[in-house]
Amino acid sequence: MDRRSFIAGAGAVAAAGAALAATTPARAKIRTTEPDTLKGSFLDLTTGEGNMEAIARINANTDMKSTKYGWAQGIVQGVMPGAIIRDLCGFTMISCAKLLPYEGGKGYRKVLREVGLYTDLKTGEILEEWTNPYFDEKVKVVPIANDPFNQLITPFAPRGPSYGGLNKTEEKRDPLQLNWIRRGDKAFLTSYINLFYPSSLPPSKWPRENGNVMNQVTETFLYSFDWADLQNPNLTSIEYNGTWSRVTPWLPWMLMGPTPGHCIYNTHMGGEDSLDNMDPKTLAYVAKNFPKYLEAPSEWIEPSLSSLEWYAREQTPAPVPPGQPVPSVPTPELPAYMQKKPG
């Protein structure tokens, strides 16, 4: 993701042991299942090595040659204080990941590309322009296109993402321990991360795209597996289903400026060993417009950036009308029947 891989690998996808430049993510160690139930015939999920092998097979394929395909599909909602939450657009994405050898010790290097697209809520068609309902303004949609987003998978909790060099904190590394739930023949993985870090789109330069000097973000990933698959030594990749949600500042291409509020992504997600079950519209659009995103990278290259950092590098700030304030959505008024009457 990649963020998702980093999050899942951290186990607090989530928690990261990520201390960012401004603050340490708020996270808690979750004890959801008695440790003895996590010790299987093949993987002991109470150990760093057991968790490393599990997350490598979930995020990619330990045969070191096959591609693992990820997908997500759902909606993006807008949240403004004092107003009803609005469904803004749909969201669909595809990622391609592969494992490479890690020369620095026990582990894997995961390389990934991902492309995320926004869709019309009624038709499901991929959007290249979108009418912002808050302003009734037509804007250009900027898809997510992260290439690469890399992750080092070892028996230790991963270091936090660098966010283009903004995260400079040194971290103590504990054994990798994911947040597992075991219920009979099913296993579930809970991942989350809470981040507060400097924006790569400072309002002084990007006044229409962003109104905050800091990004306040949370992501949550919920995975579901068959316990037998996790404990099958013949499976080098484990397919899964689950959900992904994200709370993030207004997307910069929406041009919400200093308007208070944020976006919420709510999606289904999955990991597959082939493209056969991918959404046909998404697959066709990516094949036509982003063909290289249907193949995993073949080597580890830098930098590994998030979509906001790529936005800052590849886009230009939207102009503000000369002599005019930065456009902002007016503060909503309560309906008349909810307003306090004088006296």
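Look above for the structure.
Residues numbered from 1 in each chain as written. Predicted model: local features only at pLDDT ≥ 70, side-chain atom pairs only at ≥ 80, totals over all residues. Heavy atoms only, no water.

A look at the environment of Gly40
Link 1 in the chain: Take Gly40: it is sitting in the loop between α1 (3–10) and α2 (48–59).
Link 2 in the chain: With a relative accessible area of 28%, Gly40 lands in the partly exposed category.
Link 3 in the chain: Each C-alpha atom of the pair Gly40 and Leu230 lies 8.6 Å from the other, and the pair is 190 residues apart in sequence.
Link 4 in the chain: Apart from the residues within four sequence positions on either side, Gly40 is in contact with Trp227 and Gln231. (Helix = DSSP H or I, 4+ residues; strand = E, 2+ residues; numbered from the N terminus. Buried < 20%, exposed > 50% of the residue type's maximum accessible area, 1.4 Å probe, protein only. Contact = heavy atoms within 4.5 Å.)

A closer look at the pairing of strand β4 (residues 129–132)
Link 1 in the chain: Of the two faces of β4, only the one carrying Trp130 and Asn132 is buried; Glu129 and Thr131 on the other face are not.
Link 2 in the chain: Sheet analysis places β4 next to strand β5 (residues 137–140), joined by 4 bridges and oriented antiparallel. Its bridge partner being in β5, Thr131 is matched across the sheet by Lys138. (Pairing = 2+ DSSP bridges.)

Structural notes on unusual backbone geometry
Leaving glycine aside, a negative phi is the common case for residues, and trans is the common case for peptide bonds.
Link 1 in the chain: Put simply, Asp147 and Pro148 share a cis peptide bond, and its omega is 0°.
Link 2 in the chain: On the secondary structure map, Pro148 appears in the loop between β6 (144–146) and β7 (151–153).
Link 3 in the chain: Omega for the bond connecting Glu302 with Pro303 falls within 30 degrees of zero, at 5°, which places this linkage in the cis form.
Link 4 in the chain: Along the chain, Pro303 turns up in the loop between α4 (280–289) and α5 (307–314).
Link 5 in the chain: Look at Met64: it is not a glycine, yet its phi comes out positive at around 70°.
Link 6 in the chain: Within the secondary structure, Met64 sits in the loop between α2 and β1 (68–79).
Link 7 in the chain: Look at Met64 and you get partly exposed, because its relative accessible area is 29%.
Link 8 in the chain: If you check the backbone angles, Leu255 has positive phi at about 55° while not being a glycine.
Link 9 in the chain: Of note, Leu255 is situated in the loop between β11 (240–248) and β12 (262–272).

Digging into the side chain of Ser237
Link 1 in the chain: Relative to the assigned elements, Ser237 resides in the loop between α3 (227–230) and β11.
Link 2 in the chain: Side chain to side chain, Ser237 and Lys68 meet in a polar contact 3.1 Å long.
Link 3 in the chain: A polar contact is formed between the side chain of Ser237 and the side chain of Asp273, at a distance of 2.5 Å.
Link 4 in the chain: Ser237 has contacts with Arg57, Ala60, Asn61, Lys68 and Asp273, leaving out every residue within four places of it along the chain. (Polar contact = N/O pair within 3.5 Å; in protein donor to acceptor, adjacent residues only side chain to side chain.)

Topic: the pattern of salt bridges
Link 1 in the chain: In the structure shown here, the tally under the stated rule is 8 salt bridges.
Link 2 in the chain: Here Glu137 ties to Arg208 by a salt bridge, and the two come within 3.0 Å at their closest N and O atoms. In this pair, Glu137 sits in strand β5 while Arg208 sits in the loop between β9 (186–198) and β10 (214–226), placing the two residues 71 residues apart along the sequence.
Link 3 in the chain: A residue is classified by how much of its surface remains accessible, and Glu137, at 22% relative accessible area, is partly exposed.
Link 4 in the chain: Judged by its relative accessible area of 7%, Arg208 is buried.
Link 5 in the chain: A salt bridge links Asp147 to Lys292; the shortest N-O distance between them is 2.6 Å. In this pair, Asp147 sits in the loop between β6 and β7 while Lys292 sits in the loop between α4 and α5, placing the two residues 145 residues apart along the sequence.
Link 6 in the chain: A single salt-bridge network, built from bridges that share partners, covers Arg113, Asp147 and Lys292. (Salt bridge = Lys/Arg side-chain N within 4 Å of Asp/Glu carboxyl O.)

Thoughts on the packing of aromatic side chains
Link 1 in the chain: Applying the stated rule across the entire model yields 16 aromatic pairs.
Link 2 in the chain: Each ring, one from Phe91 and one from Tyr265, has its centre 5.1 Å from the other, and the planes form 90°; the classification is edge-to-face. Of this pair, Phe91 sits in strand β2 (residues 86–101) while Tyr265 sits in strand β12; the two residues are 174 residues apart in sequence, bridging distant segments of the chain.
Link 3 in the chain: What makes Phe91 buried here is its relative accessible area of 1%.
Link 4 in the chain: Chaining the aromatic ring pairs together yields one cluster made of Phe91, Tyr118, Trp130, Trp180, Phe221, Tyr223, Phe225, Tyr240, Trp244, Trp253 and Tyr265.
Link 5 in the chain: One residue, Arg86, lies across the ring of Tyr134, its end atom 4.9 Å from the ring centre.
Link 6 in the chain: Between Arg182 and the ring centre of Trp227, over which it is positioned, the NZ or CZ distance is 4.0 Å. (Phe/Tyr/Trp six-rings, centres within 6.5 Å; stacked < 30°, edge-to-face > 60°. Lys NZ or Arg CZ within 6 Å of the ring centre and 35° of its normal.)

Points about the state of the cysteines
Link 1 in the chain: According to the stated counting rule, one finds 0 disulfides in the structure shown.
Link 2 in the chain: For the unlinked cysteine Cys263, the closest cysteine sulfur is that of Cys89, found at 7.6 Å.
Link 3 in the chain: Among the residues examined, Cys263 registers a relative accessible area of 0% and is labelled buried. (Disulfide = S-S within 2.5 Å.)

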